[in-house]
Amino acid sequence: MMLGTAMSPVFAQSGKKGKSASSASKVIGPKSGQSGDQVIRTAVPERPSGQKHVLGLRAPKLDTVRVGFIGLGMRGPGAVERFTHIPGVKIVALCDKHGERVEKSQKILDKAGLPAAASYSGSEEAWKELCQRKDIDLVYIATDWKHHAGMMIYAMEQGKHVVCEVPAAMTLEEIWKVVDTAERTQKHCMMLENCVYDFFELTTLNMARQGLFGEILHVEGGYLHNLEDFWDYYEGDWRMQYNKTHRGDVYPTHGFGPACQLLDIHRGDRLDVLVSMDTKPANLPEYLINKRGMSREEAYDFRNGEHTMTMVRTAKGKTILIRHDVSSPRPYSREYEVTGTKGFAQKYPQEGYAFRSDSPVEAGVMPDHENLSGHGFVSEEAKKALMETYKHPIHKELEEQAKQVGGHGGMDFIMDYRLVYCLRNGLPLDMDVYDLAEWCCLVPLSEISLDNGSAPVAVPDFTRGHWNDVQGYRHAFTE
């Protein structure tokens, strides 16, 4: 596996201080179809002999999904609570380094009338004991980023299916190890990307599948969220330190996941090449100076820019724009825009749809069908009619319960419910390990691009040649 020492860069560095954390890379060129251009490529390890892909993986049905939770800080307790509302689940074990967090989650089970789970705490290695249990089918990880990949790999090696909060892996070496472990063990490995279950996003995906937008050519997404009020709540300051020591889009999946599903990535198309640009750092260094008393020199030894933009092109000539900004004073936004040959969708700052006059929208669904214009959104009445008509089957089943249980408006509950549904019915999960790899790879690849003067970087084919075997993204259901 050629994932060790970094090759010598051929593009000028940006001048930002700090050591690059980029994975190994080498430059080749010119690339076919881009005469004169140089594209940075990273090593793609050969699939080990006897190992096979996990596209469409179906595992034996589980009458009861026996689950253990690792990480009970900011996200874990909410997941435990949601699982108390899902049929066919047994919460077997709870783990956190801090025993008081485990006890708080035990109270969630008690309130739900469920028996106490086995407790693991007090050690950095306690989670391994949970993974080694013979009575657990699924390990649910909600820890800090730096532990995700190692925990996923270990859980699969212990014969467990595993799901993990975002981002699930932060380096190319981690990503390839996770992919190889999932293929070798033939276990489900899914990233818990909740935003693909948002009511607007999932309805829009269903509209796209029905052809309302024509051919989708361009999608935008991002994570624009001022975290000033939250920095001190990340134990050990891990999230601030990651931004301080790494450059690029370090949290891409909320915007990138829905975009990749719309464009059938590794289900008929694949990510080809990306280019990243960023601004200089500003508000986060000033936060460190004003809130934590850090010296100006140390505070501005900060690698990540205030605003990072990454443009991705697919093999079939589609484009995706992803942005990251966690320090600007602006309203929360995942951006989410869909541009097709027949129509347009936007979630932020205003939810809306626009269509050409010859759009395939059904007459009678939209009150102003005869007055469609791509220059403006359809009326609010028409939007509501569209969203009701094209409500996704998942939402038809779960919408009311999801809104009652909660979790980011219900999309967290839908994510967990679908996970259990697929495991109990022996179906492929809604997201596979290749989605995990593709959506997380923006973290290291955007850094490589930025550290080489915004050079184009090839996106590896994590399926290693099988990206076109499945045609079209679909959710699996029982007959």
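These lines cover the structure that appears in this document, whether it is placed above or below. (Residues numbered from 1 in each chain as written. Predicted model: local features only at pLDDT ≥ 70, side-chain atom pairs only at ≥ 80, totals over all residues. Heavy atoms only, no water.)

### Here we look at helix α7 (residues 238-245)
Move 1: Counting buried residues along α7, six of its eight residues qualify, which places the element largely inside the surrounding structure.
Move 2: Those residues of α7 that sit buried are W238, R239, M240, Y242, N243 and K244.
Move 3: In the core, the buried residues of α7 are packed alongside α4 (145-157), β9 (216-224), α9 (283-292), α10 (296-299), β12 (319-325) and α15 (442-451). (Buried < 20%, exposed > 50% of the residue type's maximum accessible area, 1.4 Å probe, protein only. Helix = DSSP H or I, 4+ residues; strand = E, 2+ residues; numbered from the N terminus. Contact = heavy atoms within 4.5 Å.)

### What to know about empty space enclosed by the protein
Which parts of space are left empty comes out when a probe the size of a water molecule is rolled across the atoms.
Move 1: One pass over the full model with this rule turns up three cavities of 30 Å³ or more.
Move 2: Put simply, the largest cavity is a space of about 60 Å³.
Move 3: For the largest cavity, the lining is made up of 14 residues, of which L284, N304, G305, E306 and S327 are closest to its centre.
Move 4: Where the lining of the largest cavity is concerned, the elements lending two or more residues are α9 and β12.
Move 5: When residues of the lining of the largest cavity are assigned to their parent elements, the largest contribution, three residues, is made by α9.
Move 6: There is about 40 Å³ of room inside the second largest cavity.
Move 7: Mapped onto the lining of the second largest cavity, the elements with two or more residues apiece are α6 (199-209) and α8 (253-262).
Move 8: Taken together, the residues that form the lining of the second largest cavity break down as six nonpolar, one polar and one charged. (1 Å grid on protein atoms, 1.4 Å probe; cavity = no way out; pocket = protein on both sides within 12 Å on 5 of 7 lines; lining within 4 Å. Points joined across faces, edges and corners; volume = space filled by probe spheres on them. Nonpolar A, V, L, I, M, F, W, Y, C, P; charged D, E, K, R; others polar.)

### Regarding the packing of aromatic side chains
Move 1: Within this structure, the stated rule accounts for 21 aromatic pairs.
Move 2: Look at F213 and F355: their rings are 5.8 Å apart centre to centre, the planes differ by 15°, and that puts the pair in the stacked class. On the criterion of sequence distance, the pair formed by F213 in the loop between α6 and β9 and F355 in strand β15 (residues 352-355) is long-range, its members being 142 residues apart.
Move 3: Assessed through its relative accessible area of 0%, F213 is described here as buried.
Move 4: Given the relative accessible area of 1%, F355 is considered buried.
Move 5: On the basis of an interplanar angle of 50° and a centroid distance of 5.8 Å, the ring pair of F413 and Y417 is categorised as tilted. Taken as a pair, F413 and Y417 lie in helix α13 (residues 411-425) at a separation of four residues, close to a single helical turn.
Move 6: Cluster of aromatic residues (ring-pair linked, three or more members): W145, Y223, W231, Y234, W238, Y242, Y251, Y332 and Y348.
Move 7: Here the basic side chain of K128 rests over the ring of Y154, its NZ or CZ set 5.4 Å away from the ring centre.
Move 8: Looking at R418, its charged tip hangs above the ring of F477, at a distance of 4.8 Å from the centre. (Phe/Tyr/Trp six-rings, centres within 6.5 Å; stacked < 30°, edge-to-face > 60°. Lys NZ or Arg CZ within 6 Å of the ring centre and 35° of its normal.)

### A look at a nonpolar patch on the surface
Move 1: The grouping of M74, F230 and Y233 at the surface amounts to a nonpolar patch, some 360 Å² of accessible area in total.
Move 2: As for its placement among the helices and strands, Y233 is situated in the loop between β9 and α7. (Patch = residues over 30% accessible without salt bridge, like charges linked within 9 Å, V, L, I, M, F, W, Y side chains within 5 Å. Areas by Shrake-Rupley, 256 points an atom, 1.4 Å probe, with all protein chains shown as cover. Salt bridge = Lys/Arg side-chain N within 4 Å of Asp/Glu carboxyl O.)

### A short note on α13
Structural remark: α-helix, 3.6 residues per turn; residues separated by three or four positions point the same way.
Move 1: The end-to-end C-alpha separation of α13 is 21 Å, in line with the 21 Å expected for 15 residues at 1.5 Å each.
Move 2: Extensive coverage of α13 is indicated by the burial of 13 of its 15 residues.
Move 3: G426 sits one or two residues past α13 and shows a positive phi near 65°. (Expected span 1.5 Å × (residues − 1).)

### Examining the environment of V44
Move 1: On the secondary structure map, V44 appears in the loop between β2 (39-41) and β3 (65-70).
Move 2: What makes V44 partly exposed here is its relative accessible area of 42%.
Move 3: When the C-alpha positions of V44 and R464 are compared, they lie 8.1 Å apart, and in sequence the two are 420 residues distant.
Move 4: Contacts of V44, omitting those with residues within four sequence positions, involve W176, P460 and R464.

### A word on the environment of D430
Move 1: By the element assignment, D430 lies in the loop between α13 and α14 (433-440).
Move 2: Between the alpha carbons of D430 and M190 there is a distance of 8.5 Å; along the sequence they are 240 residues apart.
Move 3: Beyond its immediate sequence surroundings of up to four residues, D430 is in contact with Y197, Q261, R267, R418, C422, D435, Y473, H475 and A476.
Move 4: A polar side-chain atom of D430 sits 2.7 Å from a polar atom in the side chain of Y197. (Polar contact = N/O pair within 3.5 Å; in protein donor to acceptor, adjacent residues only side chain to side chain.)

### Observations regarding unusual backbone geometry
Move 1: A cis amide bond, omega -20°, links V166 with the succeeding residue P167.
Move 2: As for its placement among the helices and strands, P167 is situated in the loop between β7 (161-164) and α5 (172-185).
Move 3: Between Y348 and P349 the backbone carries a cis peptide bond, its omega angle lying at -5°.
Move 4: As for its placement among the helices and strands, P349 is situated in the loop between β14 (343-346) and β15.
Move 5: Phi is positive for D264, close to 55°, though the residue is something other than glycine.

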